[in-house]
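A closer look at the structure
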Amino acid sequence: MDLGIKGKRALVCAASKGLGLGCARALAAAGVDLVMNARGVDALEAAADAIRTEFGVKVVTVAADIASATGQADVLKAAQGVDILVTNAGGPPPGMWSDWDRDDFIAALDANMLAPIALMKALLPDMQKQGWGRVVNITSQSVKSPIAVLGLSNAARAGLTGYVAGTSRQVAPDGVTINNMLPGIHATDRAISLDTGVSTQQGISMDQARAQREATIPARRYGTADEFGAMCAFLCSQHAGFIVGQNILLDGGAVNATL
């Protein structure tokens, strides 16, 4: 399928690996030039070089912490005029409700709620002026079905979801769509981190921890970054202009809900 976005520009955050990289690769395959952001310079440059070589698109890299004001300023300087925004940031660590204090919640909000809001606020006006734009926020299945040990993530991402619900309907008349992608467990570093926690807590091997978690997923496997990226690219395409303010689960059926 021709996605109709060849020659457009996209900012993809946390794009050096995992789901962010999956989105960057899928957009590049559709002919989209990229501004790629991540904190780690080496991984970011390696990912960008691979995309340039494989897809022949232009790639600008900005190594910065998107959760910080300085990092946001650096990224936005490179990303002015982009047609597509994909927000993403690593989730906060797991724990118990009694473990967290105010600083922990502020850090989670900065990374997983306030940073994407700041990027949208900065980039949406130009999209509205040109009459076309796409925003995809990578959030979590936890906004549909909270995960007890991920209370920091539950709280921050739910706040972002509420913001998008209203904002998406305000910019839709200008040809701009905002939607959220809600990943379940995918085969990324985040899954390794969570499996490590299960392995340590229960005294089982990593393979056993993964098998235990896969058994809770109707698809009986973890998702892949490539299939996640394919959905992201579709939401950013010319075919998705009537999809507004939606929260799309990519979880292998793990969330057991009618709606």
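Whatever comes next refers back to the structure up there.
Residues numbered from 1 in each chain as written. Predicted model: local features only at pLDDT ≥ 70, side-chain atom pairs only at ≥ 80, totals over all residues. Heavy atoms only, no water.

Evaluation of the coordinates by the stated rule reveals one cavity of 30 Å³ or more. Elements that contribute at least two residues to the lining of the largest cavity include exactly α4 (102-130) and α5 (151-171). When residues of the lining of the largest cavity are assigned to their parent elements, the largest contribution, five residues, is made by α4. Considered class by class, the residues forming the lining of the largest cavity number nine nonpolar, three polar and one charged. (1 Å grid on protein atoms, 1.4 Å probe; cavity = no way out; pocket = protein on both sides within 12 Å on 5 of 7 lines; lining within 4 Å. Points joined across faces, edges and corners; volume = space filled by probe spheres on them. Helix = DSSP H or I, 4+ residues; strand = E, 2+ residues; numbered from the N terminus. Nonpolar A, V, L, I, M, F, W, Y, C, P; charged D, E, K, R; others polar.)

For the structure on display, the rule yields six salt bridges. Salt-bridge contacts for Asp189 lead to Lys17; the nearest nitrogen and oxygen are separated by 3.2 Å. With Asp189 in helix α6 (residues 189-202) and Lys17 in the loop between β1 (9-12) and α1 (18-29), the pair connects residues that are 172 residues apart, well separated along the chain. Residue classification places Asp189 among the partly exposed positions, given a relative accessible area of 46%. Notably, a salt bridge pairs Arg213 with Asp195, separated by 2.4 Å at the nearest N-O pair. Of the two residues, Arg213 sits in helix α7 (residues 206-214) while Asp195 sits in helix α6, which places them 18 residues apart along the sequence. Judged by relative accessible area, which is 3%, Asp195 ranks as buried. (Salt bridge = Lys/Arg side-chain N within 4 Å of Asp/Glu carboxyl O. Buried < 20%, exposed > 50% of the residue type's maximum accessible area, 1.4 Å probe, protein only.)

Membership of the largest hydrophobic core comes to 36 residues, with the highest contact counts inside it found for Val12, Leu27, Leu34, Met36, Ile51 and Ile84. Of all the secondary-structure elements, those providing two or more residues to this core are β1, α1, β2 (33-38), α2 (41-55), β4 (84-87), β5 (133-138), α8 (225-235) and β7 (247-250). For this core, the leading source of residues is α1, giving seven residues. Discounting chain neighbours no more than four positions away, the residues touching Ile51 are Leu21, Ala24, Arg25, Ala28, Leu34, Met36, Gly56, Val57 and Val59. If you look at the next biggest cluster of nonpolar residues, it comprises 26 residues, including Val75, Ala79, Met113 and Ile178. (Core = buried A, V, L, I, M, F, W, Y, C linked by side-chain atoms within 4.5 Å. Contact = heavy atoms within 4.5 Å.)

Let us now look at helix α3 (residues 69-79). Inspection of α3 places Gly71, Gln72, Val75, Leu76 and Ala79 among the buried residues, and these make up the whole buried set. All buried residues of α3 project into a common sector of 125° when viewed along the axis, lining one side. Exposed side of α3, more than 90 degrees from the buried face: Ala69, Thr70 and Lys77 are the residues found there. In this structure, the buried residues of α3 make contact with β1, β2, β3 (59-63) and α4. The first or second residue beyond α3 is Gly81, which carries a positive phi of 85°. (Arc of directions from axis to C-beta.)

Let's shift gears to the sheet that holds strand β6 (residues 176-183). The strands making up a sheet associate through backbone hydrogen bonding, with each pair oriented either parallel or antiparallel. With parallel pairing, seven strands are arranged side by side in an open sheet as β3-β2-β1-β4-β5-β6-β7. This sheet does not close on itself; its edge strands, each paired only once, are β3 and β7. The average undirected angle you get between the axes of adjacent strands in this sheet is 15°. Direction of pairing for β6 relative to β7: parallel, over a ladder of four bridges. (Pairing = 2+ DSSP bridges. Axes fitted to C-alpha atoms, helices over the stretch in contact; angles between N-to-C directions.)

Next up on the list: the packing of α1 against α2. Contact pair α1 / α2: the axes reach a minimum separation of 10 Å and the direction vectors enclose 25°. As far as their axial angle goes, α2 and α1 are roughly parallel. For the crossing formed where α1 meets α2, the hand is right-handed. For the pair α1 and α2, the contacting residues are Leu21, Ala24, Arg25, Ala28 and Ala29 in the first and Ala47, Ile51, Glu54 and Phe55 in the second. (Parallel < 35°, antiparallel > 145°, perpendicular 65-115°, else oblique. Left-handed = near helix turned anticlockwise from the far one by under 90°.)

Note on placement: Ser153 falls in helix α5. The class of Ser153 is buried, set by a relative accessible area of 3%. Once you skip the residues sitting within four places of it in the chain, Ser153 turns out to touch Pro92, Ser142 and Ala158.

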